[in-house]
Amino acid sequence: MAQGRILIMSNLLEARELRKSYSRATGLLSGNGHGPRFTAVDGVSFSVECGETFAVVGESGCGKTTLARMLLRLIEPDAGEIQFDGQNLLTLGGEELRRQRQQMQMIFQDPFASLNPRMRVGEIVGEPLAIHEPGLSRTERRERVGVTLKRVGLNEDALARYPHEFSGGQRQRIGIARALAVQPSLIVCDEPVSALDVSIQAQVINLLERLQEQFKLTYLFIAHDLSVVRHISDRVAVMYVGKIVEITTRDRLYEQPLHPYTRALLSAVPIPDPVVERKRQRIILTGDVPSPVNPPKGCRLQPRCPFAQDICREVEPELVEVEPGHSVACHFWDRIRDQTQTPAFARDTTSPVSSADSTRNHVRAGAVSRQ
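Calculation criteria
- Residues numbered from 1 in each chain as written.
- Predicted model: local features only at pLDDT ≥ 70, side-chain atom pairs only at ≥ 80, totals over all residues.
- Heavy atoms only, no water.
- Helix = DSSP H or I, 4+ residues; strand = E, 2+ residues; numbered from the N terminus.
- Buried < 20%, exposed > 50% of the residue type's maximum accessible area, 1.4 Å probe, protein only.
- Contact = heavy atoms within 4.5 Å.
- Pairing = 2+ DSSP bridges.
- Axes fitted to C-alpha atoms, helices over the stretch in contact; angles between N-to-C directions.
- Polar contact = N/O pair within 3.5 Å; in protein donor to acceptor, adjacent residues only side chain to side chain.
- Core = buried A, V, L, I, M, F, W, Y, C linked by side-chain atoms within 4.5 Å.
- 1 Å grid on protein atoms, 1.4 Å probe; cavity = no way out; pocket = protein on both sides within 12 Å on 5 of 7 lines; lining within 4 Å.
- Points joined across faces, edges and corners; volume = space filled by probe spheres on them.
- Nonpolar A, V, L, I, M, F, W, Y, C, P; charged D, E, K, R; others polar.
- Expected span 1.5 Å × (residues − 1).

Asks: Would you explain the environment of W333 in this entry?
Replies: The topology assignment puts W333 in helix α12 (residues 333-339). Under the relative-accessibility criterion, W333 is labelled buried at 19%. In contact with W333, other than residues within four places in its own chain, are L258, V322, E323 and V328.

Asks: I tried to follow the sheet that holds strand β10 (residues 243-249) on my own but got confused; where do I start?
Replies: To summarise the sheet geometry, strands pair through backbone hydrogen bonds and adopt either a parallel or an antiparallel arrangement. Pairing is mixed across the open sheet formed by eight strands, whose spatial order is β6-β7-β8-β3-β9-β10-β12-β11. Sheet topology places β6 (104-107) and β11 (320-323) at the edges, where each strand pairs with a single neighbour. Sheet twist, expressed as the average angle between the axes of neighbouring strands with direction ignored, equals 25°. Bridge count for strand β9 (residues 235-240) against β10 is six bridges, and the pairing is antiparallel. Bridge assignment links A237 to a residue of β10, and that residue is I247. Most of the contacts of helix α1 (residues 64-71) go to strand β8 (residues 218-223), to which it runs at about 155°, and overall it touches β3 (53-57), β6, β7 (186-190), β8 and β9.

Asks: What exactly am I supposed to notice about the side chain of H326 here?
Replies: Looking at the element boundaries, H326 is found in strand β12 (residues 326-328). Within the structure, the side chain of H326 is placed 2.6 Å from the side chain of E246, a separation counted as a polar contact. In this structure H326 touches E246, I247, T248, R252, Q256, L258, V320 and E321, once residues within four positions along its chain are discounted.

Asks: Honestly, the sheet that holds strand β5 (residues 87-88) in this entry has me stumped. Any pointers?
Replies: On the basis of which strands lie adjacent, the open sheet formed by four strands has the order β2-β1-β4-β5 and antiparallel pairing. Looking at which strands have only one partner, the edges of the open sheet turn out to be β2 (37-49) and β5. In this sheet, strand β4 (residues 79-84) lies alongside strand β1 (residues 11-23) in antiparallel orientation, the contact comprising five bridges. Paired with R16 across the bridge in β4 is E81.

Asks: Quick question: what am I supposed to make of the environment of F166 here?
Replies: For F166, the position within the fold is in the loop between α4 (138-151) and α5 (168-180). Classification of F166 as buried rests on a relative accessible area of 6%. Setting aside chain neighbours within four positions, we find F166 in contact with V121, A158, R161, R171 and I174.

Asks: What's the story with the nonpolar core in this structure? I'm lost.
Replies: The tendency in soluble globular proteins is for nonpolar side chains to be buried side by side. L149, L208 and F221 are the most contacted members of the largest nonpolar core, which totals 68 residues. The greatest single-element share of this core, amounting to six residues, is contributed by helix α6 (residues 198-215). Excluding residues within four positions of it along the chain, L208 makes contact with I107, I176, P192, Y219, F221 and I232. Among the nonpolar cores identified, the runner-up in size contains 34 residues, and A40, L71, L220 and M239 belong to it.

Asks: Please clarify how empty space enclosed by the protein should be interpreted in this entry.
Replies: In this approach a probe as big as a water molecule rolls over the atoms, and the regions it shows empty are the leftover space. Inspection of every chain in the model, using the stated rule, returns two cavities of 30 Å³ or more. Computed from the structure, the largest cavity encloses a volume of approximately 70 Å³. What lines the largest cavity is H259, P260, C299, L301, Q302, C305, F307, C312, C330, H331 and F332. Counted by class, the lining of the largest cavity contains eight nonpolar, three polar and no charged residues.

Asks: Even after reading the chapter, I still don't get α5, so can you show me in this structure?
Replies: Spacing of three or four residues puts side chains on the same side of an α-helix, whose turn is 3.6 residues. With 13 residues, α5 should reach 18 Å at 1.5 Å per residue; the first-to-last C-alpha distance of 18 Å fits that figure. Of all 13 residues in α5, 12 are buried; the element is thus mostly enclosed. Every buried residue belonging to α5 is among G168, G169, R171, Q172, R173, I174, G175, I176, A177, R178, A179 and L180, and all of these are buried. Looking at the buried positions of α5, the neighbouring elements they touch are β6, α3 (121-132), α4, β7 and α6.

Structure follows, in structure tokens:
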């Protein structure tokens, strides 16, 4: 687990004031991109330390995937800076960028759509090696692919098979093998378990943790399942409508969240203990999520926030460090800390956070067979 690792306290990845917007209209009526625009990512800054798992959580549509793809330059940002291992990625191009990408790989959300159905598994996993290590012979490449498949729990006979011959969990293992093949230092995991059954989620999460320990990997983990995030992450950033509203350690986030949106997210996590579930305080935000085309003035949560005051409707709060290692974008974070209680599920240490955590215990005991 994340809490058992010793982290190297140096930044591998830094994002500074990243922004990305899109034209709302598409196709023939797009007006060459000059129509109304919506901002998917708006001034996001954070750093990821070597060897840690940094999670980014939030509702669907908040900009998590856009942010992840910008970090790898699969999408070009409109503004900002991306530092990877001391280099500004936005100044690189051609061969320099290709060499740097060997150290930055991605596991995609959908294990069905992310694998080419016309390619055999050996070709899929071996393709990054053909690009980044062209000096390898065909025999050497096949050996590397076979070893990598074994590391993710697949037999070497998978080399000659096609993706449709595997289950969802096995396909995601193939995606992990593809990312692992070139021995990167950073892997961006874009909701890698959200399309899988709960029991298979636990197996894939355990696999990712084992690979991280073995190869000293750094993960940027995109998710919306807070129980999964609690299990795997070291630090967590919470996004809302294109902005990061809170960053802190995993334990601190679950013990004492300081942003109203974070508290609402945590209170929505189901608890499989009916006694605890009945007693805990629920926080429900009224109203709709604002449109990224026309976000509200001031704080973007203020139309739905029970703590909102006049200043929230006029002045947008900055993300500032209010406690050591704990940053929040809220004018009244201290009032929230003093007037609210820790969520019940964070206080309860005897019951699992969710059925997924319960399943993980069985996985470790060998009760769930590998898919």
